[in-house]
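Residues per chain are reported as follows:
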Amino acid sequence: MDVRSSAVTIPVGDAGLPADLVLPADPVGVVLFAHGSGSSRHSPRNVAVAQVFNRQALGTVLVDLLTPEEDEVDARTAELRFDIGLLAGRLAAIVDWLAAEPATRGLPIGLFGASTGAAAALVGAAARPDQVRAVVSRGGRPDLAGTALAAVRAPTLLLVGGLDEQVITLNEQAREALPGLVELHVVPGATHLFEEPGTLDQVADAATAWFATHLRAS
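Described below are features of the structure shown in this document. (Residues numbered from 1 in each chain as written. Predicted model: local features only at pLDDT ≥ 70, side-chain atom pairs only at ≥ 80, totals over all residues. Heavy atoms only, no water.)

Re the nonpolar core
As a rule of thumb, nonpolar side chains are buried together in soluble globular proteins.
Piece 1. With 44 residues, the main nonpolar core has I10, L32, V61, V63 and I94 as its most contacted residues.
Piece 2. Among the elements of the structure, strand 1 (3-12), strand 2 (15-24), strand 3 (29-34), strand 4 (58-63), helix 3 (84-100), strand 5 (109-114), helix 4 (116-127) and strand 6 (132-138) are those that each provide at least two residues to this core.
Piece 3. A total of eight residues in this core trace back to one element, the largest contributor, which is helix 3.
Piece 4. Dropping the residues within four chain positions of it, I94 is found in contact with I10, V12, L17, L32, V63 and L65.
Piece 5. Within the second largest apolar cluster, 25 residues are counted, among which are V28, A50, F53 and W210. (Core = buried A, V, L, I, M, F, W, Y, C linked by side-chain atoms within 4.5 Å. Buried < 20%, exposed > 50% of the residue type's maximum accessible area, 1.4 Å probe, protein only. Helix = DSSP H or I, 4+ residues; strand = E, 2+ residues; numbered from the N terminus. Contact = heavy atoms within 4.5 Å.)

Here is the structure:
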């Protein structure tokens, strides 16, 4: 697999956010990950999904949305991980960076959000309707996106574990609130983190197909 991997620091306001950028040869698009509460760009689940994307000609950006100093505060207080406005604003700024960076300029952009990161991804997609071409939510909390759901134009795939009953309900409600193309896919036998054998593979396959379809179409 011919890919280029690089560690980059993405400037966002006064912050510099560490990120891992992977670009296959001739990528059809690039997917920016928004991890869930208390996680990081080293999340083994997101890394595993990103590797599947890379094998299917999708570039990936795994980024820490909090600085190391903010992460220390959040580890004590758990307050910043639920600051959807802060996280979504940073995602939107990274989308702008991807649109301007020579290595990724011109590539269609998708957002992949997990848990609370899914809410930030949806708010970010609403803020950048001309740049974000597809969104995938894994075990997401789209309810935390609030009124921004009504402004999302990107085709959105909601992936939820079949045993994650409360989150299924929240995603069903989000499906009704999202105005554009939206699909809800329930993975049988999976809990919130998709730790059961084979369930994360189903997430990766469904997300890959979604991004390949909608990023190529754009």
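Description of the sheet that holds strand 2
Piece 1. Taken together, eight strands build an open sheet; the order of strands is 1-2-4-3-5-6-7-8 and the sheet is mixed. Among the strands making up the open sheet, the edge pair consists of strand 1 and strand 8 (182-187). Neighbour to neighbour, the strand axes of the sheet diverge by 20° on average, direction disregarded.
Piece 2. Where strand 7 (residues 156-161) lies against strand 8, six bridges are found, and the strand directions are parallel. Within strand 8, the position partnered with G161 by the bridge is V187.
Piece 3. Seen against the sheet, helix 5 (residues 165-177) touches strand 6, strand 7 and strand 8 and runs at an angle of roughly 165° to strand 7. (Pairing = 2+ DSSP bridges. Axes fitted to C-alpha atoms, helices over the stretch in contact; angles between N-to-C directions.)

Any link to function would need more than the numbers given here.
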